[in-house]
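Breakdown of the fold
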Amino acid sequence: MSFFTNTDSGIILNRFSQDMNIIDSHVPTAIGGIFHSIASIMWDTALVCYGSYYMAACIPVLAAVVYCVQLFYLRTSRQLRLLDLELRSPLFTHFNEMKDGLATIRAFGWQESFYQKFIQALDASQRPYYLLYMIQQWLGLCLSLLVAAVAIILVAFATQFRSQTSDSAIGIALVNVIGLSTTLANLIRQWTNLETSIGSIARLKQLEASVKPESSTGQADEPPTDWPSAGAVTYENVSAAYDETAAIVLHNVNLSISPGEKIGVCGRTGSGKSTLISLLFRIIPVRSGAVKIDGQDIATISHDSVRGAIIAIPQSPYILSGSVRFNLAPDAASDDSSGTGHAMITDDEVITSLKTVGLWPIIERHGGLRVPIADVGLSQGQKQLLCLARAILRKDTSRLLVLDEISSSVDRHTDELMQSIIATEFEKHTVISVAHRLSSLKGCDRVIVMDEGRIVEQGVPDALLQKEDGWWKRLWDAQV
Ligand SMILES: Nc1ncnc2c1ncn2[C@@H]1O[C@H](COP(=O)(O)OP(=O)(O)OP(=O)(O)O)[C@@H](O)[C@H]1O
Ligand SMILES: [Mg+2]
C-alpha cells in the first residue's frame, strides 16, 4: 500500500516496460554482438599482420590506445545511458497524470501549462539521448583516426620493406584495415549496451529486494473451509498507520459487530472510515490490537483467504474490458463455454441478478450477455449497479458484505433502490457500509460516527437523532 502511495506511476511503468524490454531484447543481442566483434577483430588483425609482419609489433600499442579511448567513452556513456533511462520516468508520470486528469485539465484551462510541462519533460528526456549520439560520433572519429594511422603505418611498411611481403598480402591487409574501425566501434558500443542492460537488471533486482511482497508480512494459517460462517467482526483496541514510520491514523478502536448486523459508518472526510475498512482486508497492517472475523485474528490468515472471505463493493465501479457476462462472473466459466467452469454460475443466474438490479432490459436491448460491456455504454450509476449484481452472484460465498460509499455517484432514487436490494438480497449477511449521504444509513441497525480516527458515537440512528448536540444529530442537521 505504502509502495503505491510513495512511488510515481512513471517509475513503476518504466521498470515494467523499458527495463524488462531491455533485459529481454538487448542483453542477448549485446552478448552475441560482443563475441562476433571480438572474433572479427582477431581475424582482421591477423590478416593485417599477414600483410606485414612488422605490424605485429604495433598491436600492443594499438590495444593500449583503444583501451584508453574506451575507458573515457564508457565512463561518459554509462552515465548518459542511465540518465536517458531515468529521465523517462517523469515523462511517463506526467503522461499518465494527463491521461487520467484530461477532463479536469480542460475544465480549468490548464492545457497550455501542462503542454509546456510535457514538452520540458520530453526535452529533458531527449537531451541525454542526443549527447549519447554525439559521443558515439566522437568514438567513431577517434577509432577512424586510429585506423587511418594503422593504414599509414601498414603502407609505410609495405613500401619500405618490399621484400617482406607480396602484393596480394598487402591488398588483403588494406581491405581488412578498412573494416577494422567499424568493428572496433561496434565492440565498444555493444559493450556499453551490455553494461546499461546490466543496469536494468540491477534496478529490477533492487526493486525486488526493496519492495516486500504483501504475503511475506504475516505467517499464513489456512482458516477452516467454512470460515467465516457467521460474519461477526470485532476490532479489539486497534491502532493503525499507513506504514511503519507514518503517523497513526486510527486510534484504539473498539468495535464489536454481531452476525447479521447492518452497520453504517459515517464521519467527516479524512475521519478514518476507509482506513477502518482497509484493515478488514489487510490492505494496511494493524499497529497494535487485533481485527477478528468470527473470532479468528485475520493477521494470522493469508491475504488471499481474508479477501476471498469478504464481498466488497468499492466506491468507484471496476469494469473489465470483455463481455457483460465476463464482468459479472470473471472467475466463472468463460464466455464461450456452457457454464461448466469451477464457479458454476449459469447464464440464468447472471440474468436473474441483472433483473434484480434493473439492468437487464438495457443489456437485453443491446444484445444480451455476450456483448462487450463497452458497447452497452453504462453510466457511472449503472456501472455501480452492475457491481452490485456481481456481489449478488457471490452472496453465498461469504457472510460479510462491505460497501465503501457505493452511492456517492448515484441519485437519491437509485440510492434507495440499492439500499432495498441490499436489504433483501443480503438479509442474513453482516453488512458494513460507509456513506456520506446519511439518509442511506437510516435503515441500519447501528451507525458509527468517526472523527479523527476515533469512534466518537454509535447507536440506533433514530435514537441518536433525539440526542441533542450528538455527533449524528449535528451531521444530520447539516445535511437536511
Ligand atoms: N494512502 C495513504 N497514505 C497515508 N495516509 C493516508 C492514506 N490514505 C489516507 N490517509 C490518512 O488517513 C486518514 C484517514 O483517511 P481515510 O481515507 O480513512 O478517510 P475517510 O474517512 O475514508 O475519508 P473520505 O470520506 O474522504 O473517504 C487521513 O487523515 C489521511 O491523511
Ligand atoms: Mg474514504
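Residues numbered from 1 in each chain as written. Chains lettered and ligands numbered in written order. Predicted model: local features only at pLDDT ≥ 70, side-chain atom pairs only at ≥ 80, totals over all residues. Heavy atoms only, no water.

For the protein chain, the name recorded in an unreviewed UniProt entry is Putative multidrug resistance protein, with Aureobasidium pullulans as its organism. Database annotation for the protein chain, UniProt heading Subcellular location (unreviewed entry): "Cell membrane". The protein chain has a UniProt comment under Sequence similarities (unreviewed entry) that states "Belongs to the ABC transporter superfamily. ABCC family. Conjugate transporter (TC 3.A.1.208) subfamily." (UniProt positions renumbered as here; feature names shortened; annotations may be inferred.)

This brings us to the pattern of salt bridges. Counted by the stated rule, this structure contains 19 salt bridges. Across the pair Asp-19 and Arg-203 runs a salt bridge whose closest N-O atoms are separated by 2.9 Å. Of this pair, Asp-19 sits in helix α2 (residues 9-51) while Arg-203 sits in helix α7 (residues 167-210); the two residues are 184 residues apart in sequence, bridging distant segments of the chain. Its relative accessible area of 0% is what places Asp-19 among the buried residues. (Salt bridge = Lys/Arg side-chain N within 4 Å of Asp/Glu carboxyl O. Helix = DSSP H or I, 4+ residues; strand = E, 2+ residues; numbered from the N terminus. Buried < 20%, exposed > 50% of the residue type's maximum accessible area, 1.4 Å probe, protein only.)

Around ligand 1 sit 14 residues, and of these Gly-270, Lys-273, Ser-274, Thr-275 and His-436 come closest. At 3.4 Å, a side-chain N or O of Tyr-242 approaches a nitrogen atom of ligand 1. About the coverage of ligand 1: the protein hides 64% of its 630 Å² of free accessible area. Residue contributions to the shell around ligand 1 peak at three residues, all from helix α8 (residues 273-280). For the shell around ligand 1, a count of residues per class yields three nonpolar, eight polar and three charged. (Near = heavy atom within 4 Å. Polar contact = N/O pair within 3.5 Å; in protein donor to acceptor, adjacent residues only side chain to side chain. Areas by Shrake-Rupley, 256 points an atom, 1.4 Å probe, with all protein chains shown as cover. Nonpolar A, V, L, I, M, F, W, Y, C, P; charged D, E, K, R; others polar.)

Here we take up helix α6 (residues 111-160). End to end, α6 covers 72 Å across 50 residues, agreeing with the expected 74 Å (1.5 Å per residue, within 8%). At Gln-126, α6 shows its strongest bend, of approximately 25 degrees, with the proline Pro-128 following within four residues. (Expected span 1.5 Å × (residues − 1). Bend = angle between axes of the 7 residues up to and from the residue.)

Taken in spatial order, the four strands line up as β2-β1-β4-β5 in an open sheet, and their pairing is antiparallel. Two strands in the sheet have a free side with no partner beyond their single neighbour: β2 (248-257) and β5 (296-297). As judged from the two bridges shared by strand β4 (residues 286-293) and β5, these two strands associate in the antiparallel manner. Among the inter-strand pairings, Lys-292 is bridged to a residue of β5, identified as Asp-297. (Pairing = 2+ DSSP bridges.)

Right, let's talk about the packing of helix α14 (residues 380-393) against helix α15 (residues 412-425) for a bit. Interhelical geometry of α14 versus α15 gives an angle of 0 degrees and a closest axis separation of 12 Å. The orientation of α14 relative to α15 falls into the category roughly parallel. Note on element contacts: α15 touches α14 through Thr-414, Leu-417, Met-418, Ile-421, Ile-422 and Glu-425, opposite Gln-384, Leu-385, Leu-388 and Ile-392. Taken together, the residues that form the contact of α14 with α15 break down as seven nonpolar, two polar and one charged. (Axes fitted to C-alpha atoms, helices over the stretch in contact; angles between N-to-C directions. Parallel < 35°, antiparallel > 145°, perpendicular 65-115°, else oblique. Contact = heavy atoms within 4.5 Å.)

What follows concerns the UniProt feature "transmembrane region" (unreviewed entry) in the protein chain. In this numbering, the UniProt entry assigns the feature "transmembrane region" (unreviewed entry) to residues 53-74, 138-157 and 169-188. Strand forms 0% of residues 53-74 and helix 91%; the C-alpha atoms that close the span are 32 Å apart. Spanning residues 169-188, this segment combines 100% helix with 0% strand, and its end C-alpha atoms are found 28 Å apart.

Within strand β3 (residues 262-267), six of the six residues are buried, leaving the element largely enclosed by the surrounding structure. A two-sided burial pattern is seen for β3, the buried positions comprising Lys-262, Gly-264 and Cys-266 on one face and Ile-263, Val-265 and Gly-267 on the other. When β3 meets strand β8 (residues 430-434), the two strands line up parallel, connected through four bridges. Within β8, the position partnered with Ile-263 by the bridge is Ile-432. Alignment of β3 against strand β9 (residues 446-451), held across five bridges, turns out to be parallel.

Let us now look at the nonpolar core. In terms of nonpolar packing, the biggest core is built from 36 residues, with Val-324, Leu-354 and Leu-388 touching the most fellow members. Mapped by element, the contributors of at least two residues to this core are β6 (311-313), α10 (324-328), α11 (347-357), α12 (360-365), α13 (373-376), α14, β7 (400-404) and α15. With eight residues, the single largest contributor to this core is α14. Listed in part, the 30 residues of the second largest apolar core include Tyr-235, Ile-277, Ile-298 and Ile-432. (Core = buried A, V, L, I, M, F, W, Y, C linked by side-chain atoms within 4.5 Å.)

Adjacent strands of a sheet pair through backbone hydrogen bonds, lying either parallel or antiparallel. Pairing in this open sheet of six strands is mixed, and the strands run β6-β7-β8-β3-β9-β10 from one edge to the other. Looking along the sheet, the strands with just one partner apiece sit at the ends: β6 and β10 (454-459). Ignoring which end each strand starts from, the neighbouring axes of this sheet average 15 degrees apart. Sheet analysis places β9 next to β10, joined by five bridges and oriented antiparallel. When the bridges of β10 are listed, Val-449 appears paired with Glu-457.

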